[in-house]
4 protein chains.
Amino acid sequence: MSHNSFGHLFRVTTWGESHGPALGAVVDGCPPGIRFRQEDLQVFMDKRKPGQSRFVTQRREDDIVKVLSGVMPQEDGSMITTGTPVSLFIENTDQRSKDYGDIAKRYRPGHADYTYDLKYGIRDYRGGGRSSARETAARVAAGALARLAMPGITIRGALTQIGVHKINRDNWDWAQVEENPFFCPDAAMVPVFEDYLDGIRKGGSSVGAVIEVVAEGVPAGIGAPVYGKLDQDIASALMSINAVKGVEVGNGFQAAEITGEENADEMRIGPDGKPMFLSNHAGGILGGISTGEPIVARFAIKPTSSILTEKRSIDADGNEVDVRTKGRHDPCVGIRAVPVGEAMLACVILDHILRDRGQNGRTR
Amino acid sequence: MSHNSFGHLFRVTTWGESHGPALGAVVDGCPPGIRFRQEDLQVFMDKRKPGQSRFVTQRREDDIVKVLSGVMPQEDGSMITTGTPVSLFIENTDQRSKDYGDIAKRYRPGHADYTYDLKYGIRDYRGGGRSSARETAARVAAGALARLAMPGITIRGALTQIGVHKINRDNWDWAQVEENPFFCPDAAMVPVFEDYLDGIRKGGSSVGAVIEVVAEGVPAGIGAPVYGKLDQDIASALMSINAVKGVEVGNGFQAAEITGEENADEMRIGPDGKPMFLSNHAGGILGGISTGEPIVARFAIKPTSSILTEKRSIDADGNEVDVRTKGRHDPCVGIRAVPVGEAMLACVILDHILRDRGQNGRTR
Amino acid sequence: MSHNSFGHLFRVTTWGESHGPALGAVVDGCPPGIRFRQEDLQVFMDKRKPGQSRFVTQRREDDIVKVLSGVMPQEDGSMITTGTPVSLFIENTDQRSKDYGDIAKRYRPGHADYTYDLKYGIRDYRGGGRSSARETAARVAAGALARLAMPGITIRGALTQIGVHKINRDNWDWAQVEENPFFCPDAAMVPVFEDYLDGIRKGGSSVGAVIEVVAEGVPAGIGAPVYGKLDQDIASALMSINAVKGVEVGNGFQAAEITGEENADEMRIGPDGKPMFLSNHAGGILGGISTGEPIVARFAIKPTSSILTEKRSIDADGNEVDVRTKGRHDPCVGIRAVPVGEAMLACVILDHILRDRGQNGRTR
Amino acid sequence: MSHNSFGHLFRVTTWGESHGPALGAVVDGCPPGIRFRQEDLQVFMDKRKPGQSRFVTQRREDDIVKVLSGVMPQEDGSMITTGTPVSLFIENTDQRSKDYGDIAKRYRPGHADYTYDLKYGIRDYRGGGRSSARETAARVAAGALARLAMPGITIRGALTQIGVHKINRDNWDWAQVEENPFFCPDAAMVPVFEDYLDGIRKGGSSVGAVIEVVAEGVPAGIGAPVYGKLDQDIASALMSINAVKGVEVGNGFQAAEITGEENADEMRIGPDGKPMFLSNHAGGILGGISTGEPIVARFAIKPTSSILTEKRSIDADGNEVDVRTKGRHDPCVGIRAVPVGEAMLACVILDHILRDRGQNGRTR
C-alpha cells in the first residue's frame, strides 16, 4: 500500500505540510557505498526553490536539505550511504503568520480543500497543508540521491509549452535550459514566454504548461511486464505531481493519429556492431521494457488554481461564497515542476534497475 | 512489488501467454457476499472477444471464463463470493499450429520481442507470448467482478478517435456505443471510421485510436494523497494496457493551454441542498481525491505494430533482416481496448473505495 | 497487501478451496532460464500427498501439478522459465460427495469455521474450504520451483517431536528421514512414534508435533534490517502454515535461559582462510542477515482439531451443540507439514537472495 | 517491499542510527480525527527509556518524541490527526564521543557487525548503528499512536522469565507490572530477579528473557487467510525486534505436546446471549482470524551479546582477534523489550482492523 510512498526497491516515503515545522523524505533501499556531499543534493533543491524569478512564487524558503541517517560521515565532510534508510529533512522557514480564518472554511476552486474535507473530515488549511506543492521539495531531494546512484545516466527536463505557446523543437538546445527562468530549451521562445507570463502575472491570472523529461544512458532491459511496466510507473510517478492532468511517453497522443508504418522504429546494426534504432517514436520503451534509447516522457500541468478573479464556491457549512485567492502564488506552477519531473523520473529508473537486477541478476 | 499484479485491497494478478494452454487472473480481496452468475462476467468477455467484426483480429476464441475458487455455488446456479481469492480461468482454444521459426529469431519492429530477449535472455515468441494483447482477457474478467461489487457505479467507455478522425462531442450518445463495431458514441462518425479502416485493413496497415472511459456514481472522497492519488492509479492502470502511449484525466493536455479562470470548476449548492460543481474540467478528481463528479479519463493507443509492409530490423544473432508481419491482426487494436479500459477503471475505483473505507471507516 | 500472497521479488499467490474444482499458485518473479521437468516438481508434491501411510489422512489425491504458463516447452519435454508468471495448477479429484448439512452450520472447535463466518458472513464449509491444509499443496509446488532456482542450496526438514516424544539429537541422520513415514531423523524413535500414533489414531484422537527445517549453502549477507529481517520473514512464512502455533530460529526459546557467554558464536579464520563460526546458536542469522552458517528454524504444530470425541460448541444460529468430527483426518497433521515447512523456507530464501541482489548488486 | 517499514494500511517506516543526530518513524495511514497530546505518546517512550534502573543500560536519553506532521494543532495544545503521514522525531542526545577505532574493525560476537559488513560493504559502527536497539524508540512512538486509534483495546505486556527463572502464572497480577523494574506480574519473583540480575550485571554477563504481550478487546473477525494471518503478522512483528529468537501464540510450543482433546477451546452461549469460549488455548486466533478472546503472544529474547568476557572473533581484515565489549549495556535487554513488544502488537492489530474494514466494510 502506498498513500505516501513510491517505488519498491528504491522506496521513497514523504511527509510534511506546507506550514508545519518541517517536511522530508525517508529513502529506503538506497544502495550502499554512494559517496556524496550535501551540495550534491542542494544543487537540485536550488533549482526548485521558490523566489528565483518574478515568474514563480515569492515565498522565501532556503530549502536546505539535511541528511539525518543512512550515511557514514567521512573526515573530508562527505558521507557514504550505508544501505540503511536515508532520512532527508527540510525545515519550513517562511510560514508567514497570518489569519487563516478565511480559507479555513472556504473551498478554493481547483484546490483539494473540498476533497480533503470530504475524505478526512479535517484538513490542515494552512497554505494548502499536505496538498501544497511544497511537498515536492522532498521529491527533489530523493531524486538527487537517485541520480547519485546512477552516475552513467543523465536525466534532464525542459519546459516546452506555456499556455498556447509551444517551443519549436528544431531549436532544442539543452544548454539553453539553464539560461532562462523557464527551463526553456528554445532561446527564441524565451521573450515570448516572458511577455506572456508578465501579462498573466499582472492580471492575477495563471496558465498551464507542458514539461518534457528525458533520461539518457538507461540500460536496455529494465521495466517489467505486465503491471510493472516502465512507462506505467513513469506515468504513475508523473501523474502524482501536483496539478498534472496528462502524461505521455514517446509519440504519446500523437501515436493515435498515425499509421503503423509511420510509428515503427526500425533497427539496424550500428557502426559499432551493436543494435541501433533508426528512430525513437516509442520513447525508449517497448512492451514496458527499456530499449536502450532515451526515455522520453511529457506531462501537462494545469494552471495554478489560485487566481485573483473571484469564483463561485461553497464553504464547509454549506453556504454559497465567492472566493478570491490572495497570497504568493506561481503564475505558472509548471515552471517549478521541471526539476520535480526530473526527480520522479530518476527515482523510477533507479527502482527499475534494482528490480531488474534482483530478478535477472545482470550486474550493472 | 508488482510485476504481474495491480491494486492493493482489490488485487488482481494475471498469468498466461498467447499460445499456452490457458490464461487467467487471481483476484485477491474481492469483497464477500457478491451473488452473480457466470453470464455476468461473460457479457464483458464477449465485448472484448476477437472476431466480432472485420475491423478486429480474426483469431477465434470463445473466451469462456470459468470461476475456479472463491465462490460458494448456489442451488440456482449462481455463486456467492466468500472473500477468498477468486481464480478466473480462460482456456486458449485457437493457438493455430504453425512454424514459428521465422519470428522466433526476428525482432518485429514495435513489438516487445527485442526487449524481452534483452531482459530475460529467453522469450515465448509464439503469438507474442506474455506481451500479447490476449492477456487483457484476464483484465476484463477481473473488471467484471469489480463492477459487480459496486452496483451503484456505472463504468462505460467509448472510442473517440481513429487516426486523425475525431468524433464530434456534441453528438455524444452512449446508446450509440453498443450499435456499431467501434464503440463509437457519435453515429455520424461511424461510416467515416468504416471507410477509413477498410482502407487501412486492405492495405495491411494499422492506425491508432483514443478511448475515453467514464465512471459515474463514484463517491466523493476516495483516492489518497500523495502517492496513492486516484488519477495517478488510473494513469498507471491505463498505461499498463498494451500499446497505450498517453493518458489524461479531465481536461488533460488541454489544461496546459488555458488559464486558471477557464479551468476552474465553480461550485454552488444544488436544488437538492447538496454541493454541486458547475463544470468538470478536473475529470472528477481534485488533489488526487474524487469530487463526486464523473471520473473522466482518456488514453491513446498506438497503431498495431504488426503490418504487412516490410520494415528494417535485426535478428537475435545480430543480423540485419527485413520483417513483414503476417497473421491475424487488429487493424486498429484501439477498438478492443475499450472494454479493457473500462475494466481497468473499475478495478482501480473498487480498490480505492476499499482503501478509503479501511483508513476512514466510512461505510458505503 | 497480502491476503493470499507472500514474498516480494519471488512472489507466490495461492488460490483454491478443499472441495472446489482445483487449486493452484501463481509464482511471479521466478528468475528466467531455469530448465526443469514436471517430475522435478512432482517429487515434492508426492512427499506431501495424502494417503502415504496409515498415519496421515486417507483422502486420495494424485496432486499432479501442471505448469500452465511462464515456461517455454522444449523438444525433450523439459521447460525453461521465461521470467513471466508461472501458473501452477492442481486438480482436486477426491472431493467425496456427501451431505454437508451437518458442518455447514456447526462450528467445529479449533477450526476456522466460527472466525470465517464472523469475518466474511459466508463460508465454504465443504472440507474446510480455504482453511483446509489442502492449500499447502500449492505452497509445495511453488517451493519446488524456488529450489530449482537455487541449485547450490540444500533445504531439508525433519520431524523432531510428536506429543511428548522428542528425538535424541545425537542420533540425527538425514538419511533416515526418507526411510520412515514420519520424516524422523532418529531411527530409534521411529517405533516409538509408530506405537504412540497408532494409539492416537485408533482412539480417534490427535496430537501435535515439532518440525525443524534447515537450509545449507545460503550465502552470507541476505536478509535486511529492520523489517525485512530474514528470521522475521521465516517466522512469518512458517506461522502462515495451518495449525502452527510457535516458531523459533537457532537456539530459539532456549536462548532465554542462557547467558551471553553461552550464547555467543565465536569466530576464527578456517583452514581455507575464510571466516568460520565455531558454533551456530544464532541459527545462521545475526541482525536479520545470514551469516553463511546453516539457517535453522523450528515450528510447533498443534494437534489436528478434528477428533472423534464430542466437544461443546455452538452453531451459526446461536444454538449450543455438541460436535464430533468424522471424516478422513491426519492423527498428526505435523507429519505432512514437513515438506510444507521446507517449501516455505525455500521461497523465503530465494526472495531474499533476489532482494539482496537488487539492492546490493552482488551477483550470485 | 519492506526493508524498514511494516504494516499495510497503518504503515510504519523507521529511520535512524544509534549515534546519528536523530531517529524517527513516519506513520502512513493513521486514521484522521484522533485527538491527543504529546504526553500521550511520551508516557510510552518513558517506559522504554534507558537509565530507569540499575538493570538496564545507563545511557542517558530523554527520548522526547516530537510530532512534525500529520496533525492540526489545537488551541488547547492538543493535536488532531489529519490522515496525512505523521512524522515522529526523536533526537539522540547522548552519543558519547569516544574513539571507535576498536570496534570499527572488530566483529563483536552475536552482533550484526559481521553480517552488515558482508551485506553492505560498509557499516556505521558507532554504537551499533542501525542494528542498535535504539531503533525501537521509534517503534514505541508509533505504537503509542496506534493505541490512541483503538481506545477500546487494551494492550499490555509482562516479563515472565529471566534466564531459568520463570514466574508462577497463578500469581499473575497486572497491577504488579508497574511496580517493579522488570515489568514482572508476579510479585514473588521480583526479589529473585533482582538477586539473579545483580549477579549477572556485576559479572559483566547477560541473560535472556521471555515476554508475554496480551491484547484485550480486539474485535472478532480481524486477520486474513492465508498469508495475512493475524498470528503470522504478529510473529513477523515480534521477530523483527532486536534479539528475538522465538515467537509463539496461545499454547505455542506446548501445543506440540498435547492432544486434540486437551487443545480444544469449547464454546457455549454466554449469560449475555453471546458466543463464549470456555478456554483460550488458541491465544485468540483461529485460522488466522481473531476470535474475540484476548490475543496472547510470547517472545524469547537472547542474552545481550555485549559481555565483558573476552570472546574469539575476527576483524574486517581477516585477522583473528579477541573481543571484549565494554560500554553501557543492558544485562537483560529483554526488560526494555516489554514496551516494544506491546507497541508492535498494537501496530499489527490496528493495521488488521483497518484492512478488515476495507475488505468487509464492517464499521467499528
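Residues numbered from 1 in each chain as written. Chains lettered and ligands numbered in written order. Predicted model: local features only at pLDDT ≥ 70, side-chain atom pairs only at ≥ 80, totals over all residues. Heavy atoms only, no water.

- As recorded in an unreviewed UniProt entry, chain A goes by the name Chorismate synthase, listed as coming from Peteryoungia ipomoeae.

1. Observations regarding helix H4 (residues 136–148) of chain C
Residue and element names in this part refer to chain C.
Next up, step 1: Relative to the 18 Å expected for 13 residues at 1.5 Å per residue, H4 spans 19 Å between its end C-alpha atoms, a close match to the ideal helical length.
Next up, step 2: With respect to burial, H4 is a largely interior element, 12 of its 13 residues being buried.
Next up, step 3: For H4, the set of buried residues is Thr136, Ala137, Ala138, Arg139, Val140, Ala141, Ala142, Gly143, Ala144, Leu145, Ala146 and Arg147. (Helix = DSSP H or I, 4+ residues; strand = E, 2+ residues; numbered from the N terminus. Expected span 1.5 Å × (residues − 1). Buried < 20%, exposed > 50% of the residue type's maximum accessible area, 1.4 Å probe, protein only.)

2. So, the UniProt feature "binding site: FMN" (unreviewed entry) in chain A
Next up, step 1: Under the UniProt annotation, "binding site: FMN" (unreviewed entry) lies at A:Arg130, A:Ser131, A:Ser132, A:Asn242, A:Ala243, A:Gly287, A:Lys302, A:Pro303, A:Thr304, A:Ser305, A:Ser306 and A:Arg328.
Next up, step 2: Looking at the element boundaries, A:Gly287 is found in the loop between strand E15 (285–286) and strand E16 (289–290).
Next up, step 3: Assessed through its relative accessible area of 28%, A:Gly287 is described here as partly exposed.
Next up, step 4: Beyond its immediate sequence surroundings of up to four residues, A:Gly287 is in contact with A:Pro225, A:Lys229, B:Ala112 and B:Tyr116. (UniProt positions renumbered as here; feature names shortened; annotations may be inferred. Contact = heavy atoms within 4.5 Å.)

3. Notes on the sheet that holds strand E6 (residues 71–73) of chain D
Residue and element names in this part refer to chain D.
Next up, step 1: The strand order across the open sheet built from three strands is E4-E7-E6, with neighbouring strands paired in antiparallel fashion. With partners counted over all chains shown, the strands left at the sheet margins are strand E4 (35–36) and E6, one partner each.
Next up, step 2: Taken together, the two bridges between E4 and strand E7 (residues 79–81) define a ladder with antiparallel strand orientation. When the sheet's bridge partners are listed, Arg35 is paired in E7 with Ile80. (Pairing = 2+ DSSP bridges.)

4. Describing the environment of B:Arg324
All names here are of chain B.
Next up, step 1: By the secondary structure assignment, Arg324 is in the loop between strand E19 (320–323) and helix H9 (337–360).
Next up, step 2: According to the relative accessible area criterion, Arg324 is partly exposed, its value standing at 40%.
Next up, step 3: Spatially, the C-alpha atoms of Arg324 and Leu238 are 29 Å apart, while their sequence positions differ by 86 residues.
Next up, step 4: Ignoring sequence-local partners within four residues, the contact set of Arg324 consists of Ile307, Leu308, Thr309 and Glu310.
Next up, step 5: Within polar-contact distance, the side chain of Arg324 engages the backbone oxygen of Leu308 at 2.9 Å. (Polar contact = N/O pair within 3.5 Å; in protein donor to acceptor, adjacent residues only side chain to side chain.)

5. Topic: the interface of chain B and chain A
Next up, step 1: In this complex, chain B contributes 108 residues to the contact, which on the side of chain A involves 108 residues.
Next up, step 2: Contact between chain B and chain A buries roughly 8800 Å² in total, counting both sides, with carbon and sulfur atoms accounting for 57%.
Next up, step 3: Sorting the residues of chain B by area buried against chain A places B:Lys119, B:Tyr227 and B:Lys245 first, and these three jointly supply 10% of that buried surface.
Next up, step 4: Seen at the junction of chain B and chain A, the total is eight salt bridges.
Next up, step 5: Between A:Glu320 and B:Arg268 there is a salt bridge; the shortest N-O distance is 3.6 Å.
Next up, step 6: Counting across the chain B and chain A interface gives 57 residue pairs in polar contact (both at pLDDT 80 or more).
Next up, step 7: Classifying every residue of the side of chain B that touches chain A gives 48 nonpolar, 37 polar and 23 charged.
Next up, step 8: The pairing of strand E12 (residues 244–249) of chain A with strand E12 (residues 244–249) of chain B spans three bridges and is antiparallel. Paired with A:Glu248 across the bridge in E12(B) is B:Gly246. (Buried area = accessible area lost by both parts, 1.4 Å probe. Salt bridge = Lys/Arg side-chain N within 4 Å of Asp/Glu carboxyl O. Nonpolar A, V, L, I, M, F, W, Y, C, P; charged D, E, K, R; others polar.)

6. Brief notes about the relation of the copies chain D and chain C
Next up, step 1: Overlaying chain D with chain C gives an RMSD of 0.0 Å, the required rotation being 180° about an axis along which the chain moves by 0.0 Å. In short, the pair behaves as if placed about a two-fold rotation axis.
Next up, step 2: Interface residue correspondence from chain D to chain C reaches 100%, placing this contact among same-surface, isologous pairings. (Least-squares fit on C-alpha atoms with pLDDT ≥ 70 in both.)

7. Some thoughts on the pattern of salt bridges
Next up, step 1: Tallying each qualifying case throughout the model produces 116 salt bridges over all chains.
Next up, step 2: Between C:Asp322 and D:Arg268 there is a salt bridge; the shortest N-O distance is 3.5 Å. Separated into two different chains, C:Asp322 in strand E19 (residues 320–323) and D:Arg268 in strand E13 (residues 267–269) make up a pair that spans both.
Next up, step 3: Using a relative accessible area of 39% as the deciding quantity, one classes C:Asp322 as partly exposed.
Next up, step 4: Take D:Arg268: its relative accessible area is 16%, and that puts it in the buried class.
Next up, step 5: Note that D:Arg123 is salt-bridged to D:Asp113, the shortest N-O span being 3.6 Å. With D:Arg123 in the loop between helix H3 (113–120) and helix H4 (136–148) and D:Asp113 in helix H3, the pair connects residues that are 10 residues apart, well separated along the chain. D:Asp113 carries the same exposure label as D:Arg123, and that label is buried.
Next up, step 6: Here the salt bridges share partners, and the residues they tie into one network are A:Lys47, A:Arg147, A:Glu178 and A:Glu342.

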